[in-house]
Amino acid sequence: MSHPVSGLPGADPAEVAPAPSLSLVPERPAALELTARALGMGLLIGGLLAVTNVYMGLKTGWWESGSVTAAVLGFSALASVSRRRGVPYTPLENNLTQTAAASVGAMPAAAGLLGALPALTLLGTSIPGWGVAVWSVALGVLGVLAAHLLRRRLVAQEALPFPTGIATAELITAMHASTGDAVARAGRGRLLAGAGAVAVAVTAARDALKWLPGMTALPGTLAGLPAASLTWGVGWSPMLLAIGMMTGPRLGLSMLAGAAVAWGVLAPALAGAGVLADTRYETLSAWLTWPGVGLMVGSALAALLAQARDFLSAARDVGSLGRGAAVPSWALGAGLAACVLAVVVGAALFGLGVPYMLLALVLVLPLCAVCARGAGQVDVSPVTQMGQVTQVIFGALLPGAMAPNVAAGAVVSGAAAQTGVSMWSLKAGHLLGASARHQLVAQLVGVLAGSVVGVPVYLLLSRTHGLGSEALPAPFAHQFRAVAEVAVRGLDGLPPHAALAACVAVGVGALLTWVSRGRAARWLPLPVALGIGFILPAYYAVTLCLGALGLAAARWRWPRAADRNTSTLAAGAIAGESLAGVLIAALMAFGLT
């Protein structure tokens, strides 16, 4: 399932909702679980997820939680080989593989690599690589431990659905129960490899060989400006097509509608009125960011009001932790060490004094509980919203301090991102009869591996392409930065008329979110996708929408084949372009291309 950073409204939760009853037979206690092959395969798949999530997140704001994908890839890679060697690959091993992979893959979001840290860079604050790595490990460990502290109440006692967790458990059970599907597995493997190879070839032809343009511009002009200068066209990006396939027509059309308003109406109007100094992409984008962020913030505020009861429930969740929370003492020691690291790094690199950093850490568990409950009830974890709540609090406590404001939001949103993903894995493990302690070990190892993989990729891409550029827009960095600027400075200093546009957009985003809770939801655009359409170049929305509509047409013409092959085809395209893009960035950094 693909998820945006801000609250994860990816695929419709109804598409992964479980059946009313679910009967999964746990493995016998002696079954293999925490094995070198299961953990190693999970770290390998998770490393791939981490690379793709950094690349995809900085380009579009979306990232993949990876549980289902990891379960399929783990089974495909190990089941047949293990059977031939006489030691079958068990469902519990498969569950541990997806647990480790999801933990690794979530680290770019947990570390703030997709939002908070790029926002600091845009604000002029440079963080050394070692600081990013230490910070990411600390927040990842806190997020994992928060999930395990909440596991007993939310998974065992209340039995919240956690639809992604149930879907993962059902898939693992079905794969291990089936026989004679070797041909189907081989076919999926060939499709994955083929899609990846095509994506690698297109990316190399575009970025390294320069045989293909970044986009093929649409003809014509808008208000006297060429469509190309307003970024209207079709992008040569297999990844964008694949994201559209995975997220669906509603999100694609919502994003296209946002781009149409931003780059088809507002940008030409601004240029014609002479409001801005010039009509370069960077200048127009700096203005359009404000109504785009306004749409997302308005949606977040309405969602938070709708979740008011979840805050009360979170207080009860935290209050119940002393009654049988099964977290080993060594893990609590790791949590204490993570808190110390966070305090040291927060003070040394972000200017967040010890008392304020301790306050941010105090907020972690209750706000992670809100996110965990959201993930459990509707498969949506309001990660960025919790970070924004923290930013508003610290805006009042530390007026004028921009970097500390973003850092405080990063503490909560980072830990919460890892908490949500961990809860899905723990739900799957609970249904399969897995050991929570074995999953804890896999997740903590995954945190370390995710930092080792994700941080260098982030530093490489940001230094090669530049954050906030057309090649690497980092849309949710703008949201963190905008909230910090408003929380600290108010509306002063915004571009002409941007404050009014942002306020109107907040109202529109809130209204759409509130109205979409009723029967009209399927006909209304998604405000977060609308906002992203304002921030990204227009051809991103066009290309993504083509992917979504193309898949809808394929499902109408070949429904069974489309449903069976979509996730494999999309995963191959995303992985291929991401890996090729990172490799090309490395070659560019060394002056080899």
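An account of the accompanying structure is given in this report. The shown structure was predicted, so the numbers you read here are calculated from the model rather than taken from an experiment. (Residues numbered from 1 in each chain as written. Predicted model: local features only at pLDDT ≥ 70, side-chain atom pairs only at ≥ 80, totals over all residues. Heavy atoms only, no water.)

Points about the environment of Pro-475
Move 1: Take Pro-475: it is sitting in helix α17 (residues 475-489).
Move 2: For Pro-475, a relative accessible area of 0% translates into the label buried.
Move 3: Expressed as a C-alpha distance, the spacing of Pro-475 and Gly-292, which sit 183 residues apart in the sequence, is 9.4 Å.
Move 4: Residues within four places of Pro-475 in sequence aside, it is in contact with Gly-57, Leu-58, Lys-59, Thr-60, Gly-61, Ile-535 and Leu-536. (Helix = DSSP H or I, 4+ residues; strand = E, 2+ residues; numbered from the N terminus. Buried < 20%, exposed > 50% of the residue type's maximum accessible area, 1.4 Å probe, protein only. Contact = heavy atoms within 4.5 Å.)

Here we look at the packing of helix α14 (residues 383-397) against helix α15 (residues 402-432)
Move 1: Interaxial distance between α14 and α15 falls to 8 Å at its minimum, and their mutual angle equals 150°. By the angle between their directions, the pair α14 and α15 is classed as roughly antiparallel. Along this stretch, α14 crosses α15, giving a crossing that reads as right-handed. Of α15, the residues touching α14 (which contributes Val-383, Met-386, Gly-387, Thr-390, Gln-391, Phe-394 and Gly-395) are Asn-405, Val-406, Ala-408, Gly-409, Val-412, Ser-413, Ala-416 and Ala-417.
Move 2: Per-class residue counts for the contact of α14 with α15 are eight nonpolar, seven polar and no charged. (Axes fitted to C-alpha atoms, helices over the stretch in contact; angles between N-to-C directions. Parallel < 35°, antiparallel > 145°, perpendicular 65-115°, else oblique. Left-handed = near helix turned anticlockwise from the far one by under 90°. Nonpolar A, V, L, I, M, F, W, Y, C, P; charged D, E, K, R; others polar.)

Re helix α6 (residues 163-177)
Move 1: Helix length check: α6, at 15 residues, gives a terminal C-alpha distance of 21 Å against a target of 21 Å (1.5 Å per residue), a fit within 8%.
Move 2: Pro-163, Thr-164, Gly-165, Ile-166, Thr-168, Ala-169, Ile-172 and Met-175 are the residues of α6 that are buried. (Expected span 1.5 Å × (residues − 1).)

Some words on the packing of helix α1 (residues 36-60) against helix α16 (residues 436-465)
Move 1: At a closest axis distance of 9 Å, the pairing of α1 and α16 adopts a crossing angle of 35°. Remark: the crossing between α1 and α16 carries right-handed chirality. Here Leu-39, Leu-43, Gly-47, Ala-50, Val-51, Val-54, Tyr-55 and Leu-58 of α1 come into contact with α16, specifically with Ala-442, Val-445, Gly-446, Ala-449, Val-453, Gly-454, Val-457, Tyr-458 and Leu-461.

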